Amino acid sequence: MNTTYETIFNEEQIPKIGFGTWRIGGGSHPDPAQDSVSRAALRTALQVGYTHFDTAEVYADGHSEELIGQAIRETGVKRDALFITTKVDPEHLKYEQVFKACEGSRQRLGMDYIDLYLIHWPLAGMKFEETFRALNKLVHDGKVRHLGVSNFSVKLLKQSQEHSETPIITNQVPYSITDRSYVKNGILEYCQQNDILLTAYSPVEKGRLKPNQILRSIAEAHNAKPYQIALAWLISQPSVVTIPMSLNPQHIKENFEAVNIILTEKEIKSLNGLA
Ligand SMILES: NC(=O)c1ccc[n+]([C@@H]2O[C@H](COP(=O)([O-])OP(=O)(O)OC[C@H]3O[C@@H](n4cnc5c(N)ncnc54)[C@H](OP(=O)(O)O)[C@@H]3O)[C@@H](O)[C@H]2O)c1
């Protein structure tokens, strides 16, 4: 069993632990004062060995994408060794807007193609036919390799599958060891049964996860940190990958190394009971 990647459709390998970039380059707006910290975090992530980077056109209003592109060029990591995910904003789901948004992301990243392009959030009353006509063309034209969605219920995911000419490879949703509120809607089971990855975002609850005694003692048994166990628990589940974010070099490294922690059945069982 390969413990580093999830394989879908017998061909594409997606790293089980990728690097989230919300707050890289700023919050909702660019914050140049954060650039040096953001650049250092991205450099560390690339050096440590992350190959999946998750961003969005709205992160720091595009500046997160710019910094990712710059860091990749500076560190000299080959483009084809990387898996880059970015997202189209729900305000840009009309036919022409989708092309414009994708072009903007490709320009800011400085990349010919995007590995995975997600609809960031569903929009009430969104026209699936129109949006997917544009997304399908992006795939057809080689600008995007795979399509996915984010924050979609089972019902909306099924609608996306009906309109996508290529498989929807992921639904990115909030999921962590102590916050399973979103996945209670059946989305995890649906993804697992249909060869779709569930990408768990906010996997350490934005740094607010409070380790209890069970998490602490399992961490001790593995000579690891409780947050690493929280990540190892997520990726121990079939079809689940995750994208923790950190600006701290030590945390960046620890999160990446969580992929090497293999939990026992007994440990998984007691962690399952934590929610
Ligand atoms: N699709 C969507 O709608 C959506 C929504 C939210 C997030 N996302 C994506 O998912 C990524 C991850 O989610 P997130 O950023 O919301 O939350 P997160 O990864 O759960 O938490 C990030 C926070 O946790 C802290 N942290 C991370 N690793 C740690 C560790 N090993 N030990 C201690 N603290 C640690 C970080 O602080 P330090 O910097 O101090 O380490 C940071 O403040 C985002 O960056 C983004 O790419 C997507």
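This one's a predicted model, so the numbers in the text were calculated from it and none came from an experiment. (Residues numbered from 1 in each chain as written. Predicted model: local features only at pLDDT ≥ 70, side-chain atom pairs only at ≥ 80, totals over all residues. Heavy atoms only, no water.)

Chemist: Looking at this model, I keep getting lost on the overall build of the protein chain. Mind explaining?
Modeler: Helices and strands together make up the secondary structure of the protein chain, namely 10 helices and 10 strands. Against the compact-globule benchmark of 19 Å for 275 residues, the protein chain has a radius of gyration of 18 Å, which places it among compact chains. Dimensions of the protein chain, computed from C-alpha atoms along their principal axes, come out at roughly 55 × 40 × 30 Å. Within the protein chain, contacts between residues separated by at least 24 positions form 74% of all contacts whose residues are at least 6 apart in sequence. Carbon and sulfur atoms provide 50% of the accessible area of the protein chain, an area that totals close to 12,500 Å². Treating the 29 positive side-chain charges of the protein chain as one cloud and the 32 negative ones as another, the clouds have centres 4 Å apart. (Helix = DSSP H or I, 4+ residues; strand = E, 2+ residues; numbered from the N terminus. Rg over C-alpha atoms; globule rule 2.2 N^0.38 Å. Contact = heavy atoms within 4.5 Å. Areas by Shrake-Rupley, 256 points an atom, 1.4 Å probe, with all protein chains shown as cover. Lys, Arg positive; Asp, Glu negative; His and termini not counted. Charge placed at Lys NZ, Arg CZ, Asp CG, Glu CD.)

Chemist: Is there a simple way to explain the side chain of serine 164 in this structure?
Modeler: Along the chain, serine 164 turns up in the loop between helix H5 (154-163) and strand E8 (168-174). When sequence neighbours within four positions are dropped, the list of residues in contact with serine 164 reads Phe132, Asn136 and Leu147.

Chemist: Which parts of the structure should I look at to understand the packing of aromatic side chains?
Modeler: Aromatic ring pairs are defined here through the distance separating the ring centres and the angle between the ring planes. Scanning all chains against the criterion turns up seven aromatic pairs. Over the ring of tyrosine 113 we find arginine 79; its NZ or CZ atom is 4.0 Å from the centre of that ring. Stacked on the ring of tyrosine 95, the Lys or Arg arginine 133 has its end atom at 4.7 Å from the ring centre. (Phe/Tyr/Trp six-rings, centres within 6.5 Å; stacked < 30°, edge-to-face > 60°. Lys NZ or Arg CZ within 6 Å of the ring centre and 35° of its normal.)

Chemist: Teacher, can you tell me more about the packing of helix H1 (residues 35-48) against helix H2 (residues 63-75) here?
Modeler: Any two packed helices are characterised by how steeply their axes cross, that is the angle between the axes, and by the distance between the axes. Between H1 and H2, the least distance of the axes is 9 Å, while the angle of their chain directions is 50°. Taken together, the axes of H1 and H2 lie oblique to each other. Considering how the two elements wind past one another, H1 and H2 form a crossing that is right-handed. Mapping the contact onto sequence places Asp35, Ser38, Arg39, Leu42, Arg43 and Leu46 in H1 and His63, Leu67, Ile68, Gln70, Ala71, Ile72, Glu74 and Thr75 in H2. Class assignment for the residues of the contact of H1 with H2 results in six nonpolar, four polar and four charged. (Axes fitted to C-alpha atoms, helices over the stretch in contact; angles between N-to-C directions. Parallel < 35°, antiparallel > 145°, perpendicular 65-115°, else oblique. Left-handed = near helix turned anticlockwise from the far one by under 90°. Nonpolar A, V, L, I, M, F, W, Y, C, P; charged D, E, K, R; others polar.)

Chemist: Please explain the sheet that holds strand E6 (residues 114-119) as it appears in this structure.
Modeler: Backbone-to-backbone hydrogen bonds join strands into a sheet, with any given pair of strands oriented parallel or antiparallel. What the eight strands build is an open sheet, ordered E3-E4-E5-E6-E7-E8-E9-E10; its pairing is parallel. In the strand order of this sheet, the two ends are held by strand E3 (19-20) and strand E10 (240-242), each with one partner. Pairing between strand E9 (residues 197-201) and E10: three bridges, direction parallel. Bridge assignment links threonine 199 to a residue of E10, and that residue is valine 241. In the packing of H5 onto the sheet, the strands contacted are strand E7 (144-150) and E8, and the crossing angle to E8 comes to about 160°. (Pairing = 2+ DSSP bridges.)

Chemist: Just to check I follow, could you spell out the pairing of E8 for this structure?
Modeler: Within a regular strand, the side chains alternate between the two sheet faces. The element E8 is extensively covered by neighbouring structure, given that seven of its seven residues are classed as buried. Both E7 and E8 contribute to a ladder of three bridges, which runs parallel. Looking at E8, one finds that leucine 147 is bridged to isoleucine 168. For the crossover that starts at E7, traverses H5 and ends in the parallel E8, the hand is right-handed. (Buried < 20%, exposed > 50% of the residue type's maximum accessible area, 1.4 Å probe, protein only. Right-handed = clockwise from strand over helix to strand, strands pointing away.)

Chemist: Explain the site of the ligand to me, please; I cannot follow it from the model alone.
Modeler: In the vicinity of the ligand, 28 residues are found, and the nearest of them are Asp54, Ser150, Ser246, Leu247 and His251. Between the ligand and serine 150 there is a distance of 2.8 Å, counted from a nitrogen atom to a side-chain nitrogen or oxygen. One nitrogen or oxygen atom from the main chain of proline 203 is found 3.2 Å from an oxygen atom belonging to the ligand. Contact with the protein chains hides 87% of the accessible area of the ligand, taken as 890 Å² for the molecule alone. In terms of residue class, the shell around the ligand is built from 11 nonpolar, 12 polar and five charged. (Near = heavy atom within 4 Å. Polar contact = N/O pair within 3.5 Å; in protein donor to acceptor, adjacent residues only side chain to side chain.)

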